[in-house]
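What follows is each chain in one-letter form.
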Amino acid sequence: MAAAPPTDFNGGKVESSEAGSKWLDAHYDPLANIHTFSACLALADLHGDGEYKLVVGDLGPGGQQPRLKVLKGPRVLTESPLSELPAAAATFLKDHHEPRTPALALASGPCVYVYKNLRPYFKFSLPPLPVNPLEEDLWNQAKEDRIDPSTLKEMLEGIREKAEVPLSVQSLRFLQLELSEMEAFVNQHKSKAIKRQTVITTMTTLKKNLADEDAVSCLVLGTENRQLLVLDPEAFTTLATMNLPSVPVFLEVSGQFDVEFRLAAACRNGNIYILRRDSKCPKYCIELSSQPVGLVRVHKVLVVGSNQDSLHGFTHKGKRLWTVQMPAAILAMNLLEQHSRGLQAVMAGLANGEVRIYHDKTLLNVIRTPDAVTSLCFGRFGREDNTLIMTTRGGGLIIKILKRTAVFAEAGGELGPPPAQATKLGVPRKTRLYVDQTLREREAGTAMHRTFQTDLYLLRLRAARAYVQALESSLSPVSATAREPLKLHAVVQGLGPNFKLTLHLQNTSTARPILGLLICFLYNEALYALPRAFFKVPLLVPGLSYPLETFVESLSDKGISDVIKVLVLREGQSAPLLSAHLNMPLSEGLAAA
């Protein structure tokens, strides 16, 4: 396919070549030389001038050095080299100082580089890991020339197979060398201290204490040693550390750190773990049948892409909601959020050169590109609110703008009836018994209908009589009179022989308080003992539920339980206003004894 010539992003917008397309082709440069993935793309107003720029962590393939690039429109504004491959890029507000310009965080190796106004601001390094003492002793012996390189190699290989603490990078590089190169390597590194350092695998942001768009955010890091770190946005100290059973590769968060948050981590073992604010370990686990290739949160649904060419929707508790099969392998995923219409959808870049947009399992739109898309980013770019940025496998850059009149209708997806409608049902053959019953129903249909109606009227009559009897004897937990609008709810707690009985009494009137009520308990004194079987109720304010607590002691050791009646009375009246019957549980303590 012939490549389209590059277009000017700030110039006139070109209508997409596809008829009825919802997108405008703003720019396409097949020779942009940008090689990255979705986690290393970010859009932000880095200078506070209203002009949003694209931040790219370029992998630098083909022996090139990784670089941090900032694009203004289709042109590279600044470019700086990186010492190691980038893992993720994110923009966040770190304080409340004016002007409110976001900071740029780039995770690379064991460090997070923070830029402010595109200038280096802070460097956060992961804390070093403990070194294997046997490994350290071997290198000390090599430093004093007490062992030769071949012996050092044999002993290090034995440690690598059996030790719980992994070897350092220095030892692993030494084991990869040929025998002729080992002596020079030992002489070069034997004077250096052994260090074991982990690296960052993924990164995202989490609001600190407010859900506003311009609120201060914390950085959340996933590391190679199966940990999650939450960093303070101002001091860059570790606020929380959480452990995972495997190495995290994708992160999705919701909520605020100081209030309540949920964190979903897709790991290399094919599972997704859900953590909450008060948990140091995962609270829920979603087991996938294959490796995850992407994770996006759409409202309250976690959308997971797998290497089996499918999208899955899960709740935060691990319940599978839906599955959609893709026509090709998924290479990139990201969130499409159109604020003007309140739409959230998931974008999936496929190996066949398509970008599919789904809302739940409904296909909203398909974008066809000249090359397979390896990264996606949607948001405000320049001064356009809804801009889609894509990079291709060959290093190309594609920029599309969503039309202001475009509407993603769910009916615009896959037309026609669902595939299940064409499935033939396995209807059983008609038996002789079925035919006889059919003939009987035809002949005696009127009589059967009259019998059914008679039984239905009797059931309704009995239900109405029971309801009237409950109202007249105040057996209902809800008051039926407008003068005393009350509601009673009772809870029994404990295993026995001592139980805690909590009554929740509520005044359901809109404006009138209630005073002068009494609580009375009727029970079998041979089975139970109550220290407070009769007490007064305080003033009931409308709308509030008042918990009234007392204790019940089970006296029987025969495993017998009975009913305790709770009556709500008014002073000077013998008829109760409402009542409740409590079926007491068996005393587990006495039964065990």
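These figures come from a predicted structure and were not determined experimentally.

Asker: Account for the overall build of the protein, with residues named and values stated.
Answerer: Of the regular secondary structure elements, the protein holds seven helices and 37 strands. Taken over the C-alpha trace, the protein has a radius of gyration of 35 Å; the compact-globule value for 593 residues is 25 Å, which it surpasses by more than 25%. A principal-axis box enclosing the C-alpha atoms of the protein has dimensions of 100 × 70 × 65 Å. Put simply, of all contacts in the protein between residues at least 6 apart along the chain, 49% involve residues at least 24 apart. Total accessible area on the protein stands at roughly 32,000 Å², and carbon and sulfur atoms take up 52% of it. On the protein, the mean spot of the 65 positive side-chain charges and the mean spot of the 59 negative ones are 7 Å from each other.

Asker: Requested: an account of the packing of helix α1 (residues 133-143) against helix α2 (residues 149-162), with residues and values cited.
Answerer: Direction vectors running N to C along α1 and α2 enclose 175 degrees, while the axes themselves pass 10 Å from each other. Considering the angle they form, α1 stands roughly antiparallel to α2. Contact with α1, carried on its side by Leu 134, Glu 135, Leu 138, Trp 139 and Ala 142, involves Leu 152, Met 155, Leu 156 and Ile 159 of α2 and no other residues of that element. Here the contact of α1 with α2 is built from residues that sort into eight nonpolar, no polar and one charged.

Asker: Tell me what's going on with the pairing of strand β30 (residues 486-493), and back it up with residues and numbers.
Answerer: For a regular strand, side-chain orientation follows a simple rule: the groups alternate between the two sheet faces. Looking at chain direction, β30 and strand β31 (residues 498-507) are connected through eight bridges and run antiparallel. Its bridge partner lying in β31, Leu 488 is registered against Leu 505. Connecting the antiparallel pair β30 and β31 is a turn made up of four residues, with Gly 494 showing a positive phi of about 120 degrees.

Asker: Report on a positive patch on the surface, specifying residues and quantitative values.
Answerer: A cluster of basic residues, Arg 262, Lys 283, Lys 300 and Lys 317, forms a positive patch on the protein surface. In this structure Lys 317 comes out as exposed when scored by relative accessible area, which is 60%.

Asker: Go over the sheet that holds strand β36 (residues 563-570) with me, naming the residues and quoting the values.
Answerer: The pairing of strands in a sheet comes from backbone hydrogen bonds and takes either a parallel or an antiparallel form. On the basis of which strands lie adjacent, the open sheet formed by four strands has the order β34-β32-β36-β37 and antiparallel pairing. The two strands at the open ends of the sheet, each matched to only one other strand, are β34 (534-537) and β37 (578-583). Strand-to-strand twist across the sheet, computed as the mean angle between neighbouring axes with direction ignored, equals 20 degrees. Pairing between strand β32 (residues 517-522) and β36: six bridges, direction antiparallel. Pairing of Leu 518 across the sheet is with Leu 569, part of β36.

Asker: I'd love a proper account of the side chain of Gln 256, names of residues and values included.
Answerer: Inspection of the secondary structure assignment puts Gln 256 in strand β15 (residues 248-256). When its relative accessible area of 16% is taken as the criterion, Gln 256 is described as buried.

Asker: Explain the sheet that holds β30 to me, using residue names and the numbers behind them.
Answerer: Judged by pairing direction, the sheet is antiparallel, and its four strands sit side by side in the order β30-β31-β35-β33 without closing on themselves. Two strands close off the open sheet at either side, each with one partner strand: β30 and β33 (528-529). With two bridges connecting them, β33 and strand β35 (residues 545-554) associate as antiparallel partners. Across the sheet, residue Ala 529 finds its bridge partner in β35, namely Glu 553.

Asker: So what about the side chain of Thr 204? Which residues, and what values?
Answerer: Here Thr 204 shows up in strand β11 (residues 200-207). Looking at Thr 204, the relative accessible area reads 17%, which means it is buried. If we ignore the near neighbours within four places in the chain, the residues touching Thr 204 are Cys 218, Leu 219, Val 220, Leu 251 and Val 253.

Asker: Any chance you could break down the pairing of β11 for me, citing the residues and the numbers?
Answerer: Most of β11 is tucked away, with six of its eight residues classed as buried. Where β11 and strand β12 (residues 217-223) come together, seven bridges link them in antiparallel fashion. Note that in β12 the partner of Thr 204 across the bridge is Val 220.

Asker: Pulling in residues and values, what's your account of the environment of Pro 370?
Answerer: Mapped onto the fold, Pro 370 is located in the loop between β26 (362-368) and β27 (373-381). For the pair Pro 370 and Arg 196, spaced 174 residues apart in sequence, the C-alpha separation works out to 44 Å.

Rules of the game
Residues numbered from 1 in each chain as written. Predicted model: local features only at pLDDT ≥ 70, side-chain atom pairs only at ≥ 80, totals over all residues. Heavy atoms only, no water. Helix = DSSP H or I, 4+ residues; strand = E, 2+ residues; numbered from the N terminus. Rg over C-alpha atoms; globule rule 2.2 N^0.38 Å. Contact = heavy atoms within 4.5 Å. Areas by Shrake-Rupley, 256 points an atom, 1.4 Å probe, with all protein chains shown as cover. Lys, Arg positive; Asp, Glu negative; His and termini not counted. Charge placed at Lys NZ, Arg CZ, Asp CG, Glu CD. Axes fitted to C-alpha atoms, helices over the stretch in contact; angles between N-to-C directions. Parallel < 35°, antiparallel > 145°, perpendicular 65-115°, else oblique. Nonpolar A, V, L, I, M, F, W, Y, C, P; charged D, E, K, R; others polar. Pairing = 2+ DSSP bridges. Patch = residues over 30% accessible without salt bridge, like charges linked within 9 Å, V, L, I, M, F, W, Y side chains within 5 Å. Salt bridge = Lys/Arg side-chain N within 4 Å of Asp/Glu carboxyl O. Buried < 20%, exposed > 50% of the residue type's maximum accessible area, 1.4 Å probe, protein only.

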